[in-house]
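Structural characterization, general
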Amino acid sequence: MRQMNICRVCGHHFNAQKCPYCNNPVGSVFCYKCGSIIREKDNYCPICGDNRSRPFRYYERGAKRNPFGPLGTAPDGVGAIDLGLSFMWASCNIGANRPEESGSLYAWGETEERMTCDWRNYSRCGGSKDTCYDLARDIAGTEFDAARLKWTGKWQIPSCKQIEELSNRCTCDRISFNGIKGVRCFAPNNNSIFLPDGTYWLSEPDHTNCAHFFTIGENGFNILSSKQGSAVVHTFRIGLKHIRPVINRSFFSAIY
């Protein structure tokens, strides 16, 4: 019988060359400094440079398993932009390779991109707007978060609070970037992100069959809402919208 291996990343027992639960190979561990998946035999983390020359069991004492894998495995060319806010913002949308590209469209709480969606085929309901499943008060970082599933790690869909922080603390100007209209958000530290025109999901639901979103358009951020002074509005969950991920500053490392 083949020897059982213990996955040092997720803790499961298996008898293959790759863990069937987290898909990491035998002999892989995660770096306790940056969370990246690396080889157990590495003396230094090739991602952040943390010294791993001491035996693995030394690091294992008192440490918790990283349930998310790497802190951020976004596509090549995607960066985390430090705007001096509580969260860092991705340089482009999910499904895009450049800031001016719109990227993929998603129904709220789904993790596979769509071209069309209605209540009959929306996977987060029982076939009608009155049968929507109660996913969570906030889906950021959950199995219903496309950012977490597509880019893994600690990337997540932004919240109402985070988009309001972006709109309130940055100077957001209407511009055309590489021929695409949108809004450039300039931070006090001189860094910026570009958001192309479109509608974007946020992480909180509203009522039983709606969720919050924000709009980038001719007026910059859409600030019309049932909540006075809010930068977000809500609509039915089956609407198809883009996602611009964020990552928590406290989890971010030197991988970008």
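One can find the structure itself at the top, above this paragraph.
Let me begin by describing the structure that accompanies this report. (Residues numbered from 1 in each chain as written. Predicted model: local features only at pLDDT ≥ 70, side-chain atom pairs only at ≥ 80, totals over all residues. Heavy atoms only, no water.)

Section: the overall build of the chain
In terms of regular secondary structure, the chain is built from three helices and 14 strands. Buried positions account for 47% of the 256 residues belonging to the chain. Summarising the internal contacts of the chain: among those between residues at least 6 apart in sequence, 53% fall at separations of at least 24. Surface exposure of the chain reaches about 13400 Å², of which carbon and sulfur atoms provide 49%. (Helix = DSSP H or I, 4+ residues; strand = E, 2+ residues; numbered from the N terminus. Buried < 20%, exposed > 50% of the residue type's maximum accessible area, 1.4 Å probe, protein only. Contact = heavy atoms within 4.5 Å. Areas by Shrake-Rupley, 256 points an atom, 1.4 Å probe, with all protein chains shown as cover.)

Considerations on the pairing of strand S7 (residues 171-177)
Bridge analysis of S7 against strand S8 (residues 180-186) gives seven bridges, and the strand direction is antiparallel. Across the sheet, the residue bridging to Asp173 is Arg184, located in S8. (Pairing = 2+ DSSP bridges.)

Re the sheet that holds S8
Here three strands make up an open sheet; going across it, the order is S7-S8-S9 and the pairing antiparallel. Every interior strand has two partners, whereas the edge strands, S7 and strand S9 (192-196), have only one. Strand after strand, the sheet turns through a mean of 30° between neighbouring axes, direction not considered. Of the strand pairs in this sheet, S8 and S9 are connected by five bridges, and their pairing is antiparallel. Within S9, the position partnered with Cys185 by the bridge is Ile193. (Axes fitted to C-alpha atoms, helices over the stretch in contact; angles between N-to-C directions.)

Remarks on unusual backbone geometry
Non-glycine residue Asn178 carries a positive phi angle of around 50°. Its place among the elements puts Asn178 in the loop between S7 and S8. Taking the relative accessible area as the measure of exposure, Asn178 reaches 56% and is therefore exposed. Positive phi, close to 80°, is recorded for Asn190, a residue that is not glycine. For Asn190, a relative accessible area of 68% translates into the label exposed.

Overview of the packing of aromatic side chains
Enumeration over the complete set of coordinates arrives at six aromatic pairs. Measuring from centroid to centroid gives 4.9 Å for Tyr200 and Phe214, while their planes differ by 10°, and the two rings are stacked. Separated by 14 residues along the polypeptide, Tyr200 in strand S10 (residues 198-206) and Phe214 in strand S11 (residues 210-217) bring together distant segments of the chain. The exposure class of Tyr200 is buried, given its relative accessible area of 1%. (Phe/Tyr/Trp six-rings, centres within 6.5 Å; stacked < 30°, edge-to-face > 60°.)

Considerations on the pattern of salt bridges
The full count for this structure, using the stated rule, is seven salt bridges. The residue Arg98 makes a salt bridge to Glu100 at a minimum N-O spacing of 3.2 Å. For Glu100, a relative accessible area of 11% translates into the label buried. (Salt bridge = Lys/Arg side-chain N within 4 Å of Asp/Glu carboxyl O.)

Comments concerning the environment of Cys210
Residue position: Cys210 is located in strand S11. Cys210 sits 78 residues away from Cys132 along the chain, and the two C-alpha atoms are 9.1 Å apart. Look past the residues within four positions of Cys210 in its chain and what remains in contact with it is Pro205, His234, Thr235, Phe236 and Arg237.

Details of the nonpolar core
Grouped together as the largest cluster of nonpolar side chains are 30 residues, with contacts concentrated most on Ile94, Trp108, Tyr122, Trp151, Trp155, Trp201 and Ile243. Put simply, the parts of the chain that give this core at least two residues each are strand S6 (87-90), helix H2 (146-151) and S11. In terms of residue count, H2 provides more of this core than any other element does, three residues in total. If near-sequence neighbours (up to four positions away) are discounted, Tyr122 is found in contact with Ala107, Trp108, Glu110, Arg114, Cys117, Cys132, Arg237 and Ile238. Grouped together as the second largest cluster of nonpolar side chains are 19 residues, Leu85, Leu202, Ile216 and Val246 included. (Core = buried A, V, L, I, M, F, W, Y, C linked by side-chain atoms within 4.5 Å.)

Brief notes about the pairing of S11
Extensive coverage of S11 is indicated by the burial of eight of its eight residues. Pairing of S10 with S11, which is carried by six bridges, proceeds in the antiparallel orientation. Paired with Thr199 across the bridge in S11 is Thr215. The loop that links S10 with its antiparallel partner S11 comprises three residues; one of these, His207, has a positive phi angle of about 65°.

Notes on the environment of Ile163
Relative to the helices and strands, Ile163 resides in helix H3 (residues 160-169). Taking the C-alpha atoms as reference points, Ile163 and Phe213, separated by 50 residues in sequence, lie 9.4 Å from one another.

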